[in-house]
Amino acid sequence: MGRRLAGVCVLLLMSLPACGQGGRQPGAKLGAVGDVREGFTVGLLLPGEGPDRSLFTRALASLCPRCHVRYANASGDRARQARQVGRMLADGVRVLVLGAVDPEAAAPWVARAKLSGAKVIAYDRLANGPVDAYVATDPARVGREQALALLGAMKVAGPVLLVNGPAADPYASSVKRGLHAVLDGRVTVGWERDLTRPGDAGREVVAAVAALGGAAKVGGVCCASGAAAQAVAAEMAKAGMAGVPLIGYDGRPGARTAAVRTDVAAQAAAAARLVVEVAGGRTVYGTAVVANGTTVSIPAVLVPPAVVTKAGAPTASDRGTVRKQGAPPH
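Residues numbered from 1 in each chain as written. Predicted model: local features only at pLDDT ≥ 70, side-chain atom pairs only at ≥ 80, totals over all residues. Heavy atoms only, no water.

Undergrad: Just to check I follow, could you spell out the overall build of the protein for this structure?
TA: Along its length, the protein carries nine helices and 13 strands. Taken over 330 residues, the protein has a buried fraction of 50%. For the protein, the proportion of contacts with a sequence separation of at least 24, taken over those separated by at least 6, is 71%. Accessible surface, the protein: about 15200 Å² in total, of which carbon and sulfur atoms supply 56%. (Helix = DSSP H or I, 4+ residues; strand = E, 2+ residues; numbered from the N terminus. Buried < 20%, exposed > 50% of the residue type's maximum accessible area, 1.4 Å probe, protein only. Contact = heavy atoms within 4.5 Å. Areas by Shrake-Rupley, 256 points an atom, 1.4 Å probe, with all protein chains shown as cover.)

Quick look at the structure:
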């Protein structure tokens, strides 16, 4: 009798799906949340408008024709983005591409997504929390390219001025390290600030140029963001300092000498590839491994930046789409 009961129990156990596999298609990998053969919905949550949406949608369609992109624009509003994440999770979206308005504040949303069984890819900015992967323009290379552009534009061997991003921003810190890796030992940094508000850069730079002996004695200015470069260019023009070389980030140079920019097409294509990989439960490999303060060993795809000169002649690496002027910078 006991042997017959044991045999029945074994048969019942064999007929039950393995723990955590209920609802998965035959042959699907453990941890998969979507199948490219059937298609699935991807949530694309961005901090503002730009070319990313159309480029990402096109790239994903080439890899997963049946996939659908659900888009949300936070317009720079952190609370609004939190609500957008919540709605997508409630509607069953299980792959999120998150361009966080505030990377630090995103940790609870990412944790909530993971508890819901969703995959999260940090896009353009490294959000805190247990993200599955990260894609962005390589910040260290951004800094190096800005430094090289500045050195190439300098007309006098005078001191240079550096306007960096917020000290608490990991991306801005990496850009700053890239700048110094090239500039240190080659030029004198006469003035440097880590600014939270890019709009403050203009007045501060003009005052610093004057304190260093005027435009004729300054080698150049480098700004970590497009907004800061715009503010500096406007104030320098008013002060008659338009001849000082000015290097910015993202967008077209305009009044600047050159701009290092994001190759949005390459970045969006990398994000689409990561979506397919994480949705299918595959092991994700990137070009680097990063940490965000809450999670270590995050696979990252870091896309090379490009340089556009004032004359409009791009560098050899300039092959993608320029991020829309005024779109949220890194």
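Once you've had a look at it, read on.
Undergrad: Even after reading the chapter, I still don't get the sheet that holds strand β7 (residues 189–194), so can you show me in this structure?
TA: By way of backbone hydrogen bonds, the strands of a sheet pair with one another, either parallel or antiparallel. Spatially, the six strands line up as an open sheet ordered β7-β6-β8-β9-β10-β13, and their pairing is mixed. The sheet is open, and its two borders are formed by β7 and β13 (306–309), each paired with just one other strand. With strand direction ignored, the average angle separating the axes of adjacent strands in the sheet is 15°. Of the strand pairs in this sheet, strand β8 (residues 220–223) and strand β9 (residues 246–249) are connected by two bridges, and their pairing is parallel. Residue pairing for β9: V221 is matched across the bridge by L246. (Pairing = 2+ DSSP bridges. Axes fitted to C-alpha atoms, helices over the stretch in contact; angles between N-to-C directions.)

Undergrad: Just to check I follow, could you spell out the state of the cysteines for this structure?
TA: Joining two cysteines, a disulfide is a covalent bond between their sulfur atoms. According to the stated counting rule, one finds one disulfide in the structure shown. Between the sulfur atoms of C64 and its disulfide mate C67 the distance is 2.1 Å. Judged by the sign of its S-S torsion, about 75°, the bond between C64 and C67 is right-handed. Between C222, a free cysteine, and C223, which holds the nearest cysteine sulfur, the sulfur-to-sulfur gap is 6.7 Å. Of the residues examined, C222 reaches a relative accessible area of 1% and is grouped as buried. Taking the relative accessible area as the measure of exposure, C223 reaches 0% and is therefore buried. (Disulfide = S-S within 2.5 Å.)

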